[in-house]
Amino acid sequence: MSDANRTAALDGVDPELIPQRRLYTGAAMPAIGLGTFGSDHVTAGEVAEAVKGAAAVGYRHFDCASVYGNEDRIGPVFREILDGGVTRDELWIVSKLWNDKHDAVLESCQKSLTDLGLDYLDMYLVHWPFPNFHPPGCSVEWHSPDAKPYVHESFMRTWRQMEALVDAGLVRHIGTSNMTVPKLKLLLRDCRIKPAINEMELHPHFQQQALFDFVKSAGIEPVGYCPVGSPGRPERDRTPDDTVDVEDPVIVRIARRLGVHPAVVCVKWAVQRGQTPIPFSVKRGNYLANLQCTLSEPLADEDMRAIAGLERNCRLIKGQVFLWKDGQSWEALWDEDGEITPP
Ligand SMILES: NC(=O)c1ccc[n+]([C@@H]2O[C@H](COP(=O)([O-])OP(=O)(O)OC[C@H]3O[C@@H](n4cnc5c(N)ncnc54)[C@H](OP(=O)(O)O)[C@@H]3O)[C@@H](O)[C@H]2O)c1
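Just so it is clear, the model here is predicted, and its values are computed rather than measured. (Residues numbered from 1 in each chain as written. Predicted model: local features only at pLDDT ≥ 70, side-chain atom pairs only at ≥ 80, totals over all residues. Heavy atoms only, no water.)

## Digging into the nonpolar core
Considering soluble globular proteins, one finds that nonpolar side chains tend to be buried as a cluster. Counting residues in hydrophobic clusters, the biggest one holds 98 residues, and the most contacted among them are Tyr-59, Phe-62, Phe-78, Leu-121, Tyr-124, Trp-159 and Met-162. Here Leu-121 is in contact with Arg-88, Ile-93, Ser-95, Cys-109, Leu-113, Leu-116, Leu-170, Val-171 and Arg-172, once residues within four sequence places are set aside. (Core = buried A, V, L, I, M, F, W, Y, C linked by side-chain atoms within 4.5 Å. Buried < 20%, exposed > 50% of the residue type's maximum accessible area, 1.4 Å probe, protein only. Contact = heavy atoms within 4.5 Å.)

## Some details on the site of the ligand
With respect to spatial proximity, 29 residues lie near the ligand, and among them Asp-63, Val-228, Ser-281, Lys-283 and Asn-286 are the closest. A distance of 3.4 Å separates an oxygen atom of the ligand from a polar atom in the backbone of Val-282. Here an oxygen atom of the ligand sits 2.7 Å away from a polar atom, N or O, in the side chain of Lys-283. For the ligand, whose free accessible area comes to 900 Å², the fraction covered by protein is 90%. Of all the elements in the fold, those that place two or more residues in the shell around the ligand are helix H9 (262-273) and helix H10 (284-292). (Near = heavy atom within 4 Å. Polar contact = N/O pair within 3.5 Å; in protein donor to acceptor, adjacent residues only side chain to side chain. Areas by Shrake-Rupley, 256 points an atom, 1.4 Å probe, with all protein chains shown as cover. Helix = DSSP H or I, 4+ residues; strand = E, 2+ residues; numbered from the N terminus.)

## Re the pattern of salt bridges
Evaluated as defined, the whole model comprises 19 salt bridges. Where Asp-11 meets Arg-284, a salt bridge forms, and the shortest distance between an N and an O atom there is 2.7 Å. In this pair, Asp-11 is assigned in the loop between helix H1 (3-10) and strand E1 (20-22) and Arg-284 in helix H10, connecting sequence segments 273 residues apart. Residue Arg-257 is joined to Asp-303 by a salt bridge in which the shortest nitrogen-to-oxygen separation is 2.6 Å. Taken together, the residues Arg-257 in helix H8 (residues 249-258) and Asp-303 in helix H11 (residues 301-308) connect sequence positions 46 residues apart. (Salt bridge = Lys/Arg side-chain N within 4 Å of Asp/Glu carboxyl O.)

## Structural notes on H10
Within the span of H10, buried status applies to Tyr-287, Leu-288, Asn-290 and Leu-291. For H10, the angular spread of the buried residues around the axis is 160 degrees, confining them to a single face. The inward-facing, buried residues of H10 abut strand E3 (34-35), helix H2 (44-57) and H9. (Arc of directions from axis to C-beta.)

Shape descriptors only; they carry no functional weight alone.
Listed below in structure tokens is the structure:
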């Protein structure tokens, strides 16, 4: 163990003990990561500080994206972490291609590498399958006049560029995000390099069992965003029907019994169920608790069964800004009939 790891073990978690997921390539990915989307209320500097603090308590997996607008602040922190004795192969660093760059994959990846101060990424994702630009922070009603539906041929042109990044050694793995079963089936049919993960919304009130089972059976690891139910998301991302995972009586009851915050129960359930949660927090006590719970005694079978029964089909990130036709409802983005929604 390096000196940096030994220090982390004293005041955090020994990174070597964190559960790992084995990807189809044989690579090991830490089964919990730190989210880095500060949204409206957390500055780039605060997120960068959290990355530094999280690495000090044992996190090795960081979920970044160009659109989060903070990769240039996180880069110097990665430099410090590496200078402090953590080796590059101990880190698992993810970035994502934004929607207005589907035709400029190499350029976007190189920009993220430069901002993050890295030679390669462990994982590069297509953030959304829709090539539709929207300005950061815009209202959910905002629609680009040029918005396009999912067109598989266009997506494959992007995916070919993603595959070329692997060939060039700029990224070790590629993956998808916000995909559906029918879109993934087409990608699996036509790809040369299969996605290693699919990043998807996953929390007790939105378990996506069919998509979860599909990706697992295809040898793709599900990575779960909004694992705590994103209680800090901006008003524009809330609708009156949204439910609150951390206020669910079952989650609260288990949390009280274990003496932890309900958020920790959501994270613990996620890891134990088999997905890789990427909770966001800039508070040391919270991100530390999220990491520590992956090592404590597992939830009892009856707790796991009780949480499995909490499904509310409550999608929080509905993606309205990606709609391409007037009068469409956000469900069209998610192929709910089992077919790709026609243009
Ligand atoms: N691929 C995609 O399209 C996509 C979409 C959305 C998100 N993501 C990724 O997923 C990450 C997580 O999603 P998210 O940030 O929306 O939601 P989240 O992780 O479900 O929720 C984050 C919120 O939970 C609170 N929290 C976390 N741990 C806690 C704890 N132990 N105790 C009490 N409160 C706790 C945090 O508050 P404090 O800071 O006060 O602790 C923060 O407000 C993002 O940061 C991003 O990296 C990806």
